[in-house]
Amino acid sequence: MNDPAPAFPPRPVRLLIVDDDPLVRAGLTLMLGGADDIDIVGEGADGGEATELVDRLRPDVVLMDIRMPVMDGLAATEALRSRPDAPEIVVLTTFHADEQVLRAIRAGAAGFVLKDTPPAQIVDSVRRVAAGDPVLSPAVTRQLMARAAGPGREERAGRAERARQRIALLADREREVAVAVGHGRSNAEIAAALYLSVATVKTQVSRILAKFDFNNRVQIALLVHDAGLLDDESGTGPS
């Protein structure tokens, strides 16, 4: 079942582009500037500029390179996402499952796009993030979770125990929804599997995010992965 296309905002998405390579910025501006529903409000060359520009320009979405001088995209993402009025952030990278990308996701980035992603997909990613829809596919989420499992046994064990303690705070239905999110299910797919309305699923997801002070669904997926709840690859359905 395909999730319905997100309802795009009634006004153009205010976009800030941050990359230390002027040619990349020019290419992204040319690519994204042609979309009627995206308004490029500024450009920055490093994370320090990004935080200043966000204060001044109030973008809805920041397209953020990870590797930059002065302040890199990771530090800028952590600083921006800690704010109560934080913009959504999509990180730019050349790697599918780079450790810095994983850290950016944990810090609250809404997803990432590869620099060689086709232009139409980058435009669509900006639109989706602005509409509250994460831009990580289930396959990419699994890659990131596999990378998250990379450290040593003791560190993994400690993270697993902390994750299980947090999962224990969820009500039964919240736990079912969290596991389904971890399997990469859309709201519509979760609703069909658990015999809920899409509105109810959205409410449950919002409660989980608020309970753990998370920024996005990928952080929920990482939590249930750390807790060892994704061993059944068949996904979540009614018991």
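Nothing here was measured: the structure is a model prediction, and the numbers come from that model. (Residues numbered from 1 in each chain as written. Predicted model: local features only at pLDDT ≥ 70, side-chain atom pairs only at ≥ 80, totals over all residues. Heavy atoms only, no water.)

Undergrad: Quick question: what am I supposed to make of the nonpolar core here?
TA: One broad trend across soluble globular proteins is that nonpolar side chains are buried collectively. With 25 residues, the main nonpolar core has Leu16, Val18, Val62, Met64 and Val91 as its most contacted residues. Elements supplying a minimum of two residues to this core: strand S1 (13–18), helix H2 (47–57), strand S3 (61–65), helix H3 (73–81), strand S4 (88–93), helix H4 (99–107), strand S5 (111–114) and helix H11 (217–226). Here Val62 is in contact with Leu16, Val18, Val54, Pro87, Glu88, Ile89 and Val90, once residues within four sequence places are set aside. The next biggest cluster of nonpolar side chains, apart from the first, holds 22 residues, and it includes Val177, Ile190, Ala191 and Leu194. (Core = buried A, V, L, I, M, F, W, Y, C linked by side-chain atoms within 4.5 Å. Buried < 20%, exposed > 50% of the residue type's maximum accessible area, 1.4 Å probe, protein only. Helix = DSSP H or I, 4+ residues; strand = E, 2+ residues; numbered from the N terminus. Contact = heavy atoms within 4.5 Å.)

Undergrad: Looking at this model, I keep getting lost on H11. Mind explaining?
TA: An α-helix turns once per 3.6 residues; consequently, residues spaced three or four apart project the same way. For H11, the tally of buried residues reaches nine of 10 residues, placing the bulk of the element in the interior. Regarding H11, the residues found buried are Arg217, Val218, Gln219, Ile220, Ala221, Leu222, Leu223, Val224 and Asp226. Following H11 by one or two positions, Gly228 has its phi on the positive side, about 80°.

Undergrad: Sorry if this is basic, but what is going on with unusual backbone geometry here?
TA: It is generally the case that most residues other than glycine have a negative phi and that most peptide bonds are trans. Of note in this structure, Val70 is not a glycine but carries a positive phi near 65°. If you trace the backbone, Val70 turns up in the loop between S3 and H3. Positive phi, close to 55°, is recorded for Asp213, a residue that is not glycine. Tracing the backbone shows Asp213 in the loop between helix H10 (198–212) and H11.

Undergrad: Where do I start with the packing of aromatic side chains in this structure?
TA: When we look at a pair of aromatic rings, we describe it by the centre distance and by the angle of the planes. Taken as a whole and judged by the stated rule, the model has one aromatic pair. Ring centres of Phe212 and Phe214 lie 5.5 Å apart, and the angle between their planes is 45°; on these two criteria the pair is classed as tilted. Classification of Phe212 by relative accessible area gives buried; the value is 6%. (Phe/Tyr/Trp six-rings, centres within 6.5 Å; stacked < 30°, edge-to-face > 60°.)

Undergrad: What is the right way to read the confidence of the model for the protein chain from this model?
TA: When pLDDT is low, close inspection of the predicted coordinates is not appropriate. For the protein chain, per-residue confidence averages 83 on the pLDDT scale, and residues scoring 70 or more make up 81% of the total. Considering only residues more than four positions removed or in separate chains, one finds that residues 233–239, a stretch of pLDDT under 50, has 17 contacts. (pLDDT = per-residue confidence, 0-100.)

Undergrad: Sorry, what's going on with the pattern of salt bridges here?
TA: Charged atoms that come close allow side chains of opposite charge to pair. If you walk through the whole model with that rule in mind, you get 13 salt bridges. Of the charged contacts in the structure, one is a salt bridge between Lys115 and Asp19, with a shortest N-O distance of 3.2 Å. Note that Lys115 is positioned in the loop between S5 and helix H5 (119–130) and Asp19 in the loop between S1 and helix H1 (22–33), a separation of 96 residues in sequence. Assessed through its relative accessible area of 34%, Lys115 is described here as partly exposed. Each of Asp19, Asp65 and Lys115 takes part in one network of salt bridges that share partners. (Salt bridge = Lys/Arg side-chain N within 4 Å of Asp/Glu carboxyl O.)

Undergrad: Even after reading the chapter, I still don't get the side chain of Gln219, so can you show me in this structure?
TA: Here Gln219 is to be found in helix H11. Sequence-distant contacts of Gln219, that is, excluding residues within four places in its chain, are made with Ile105, Arg106, Ala107, Gly108 and Phe214.

Undergrad: Which parts of the structure should I look at to understand the pairing of S3?
TA: The side chains of a regular strand alternate between the sheet's two faces. Of all five residues in S3, five are buried, a share of seventy percent or more. The alternating pattern of S3 places Val61, Leu63 and Asp65 on one face and Val62 and Met64 on the opposite face, and all of these are buried. For S1 and S3, the ladder comprises four bridges, and the chain directions are parallel. Looking at the pairing, Ile17 lines up with Leu63 of S3. With five bridges connecting them, S3 and S4 associate as parallel partners. When the bridges of S4 are listed, Asp65 appears paired with Leu92. Each parallel crossover has a hand, and for S3 linked through H3 to S4 it is right-handed. (Pairing = 2+ DSSP bridges. Right-handed = clockwise from strand over helix to strand, strands pointing away.)

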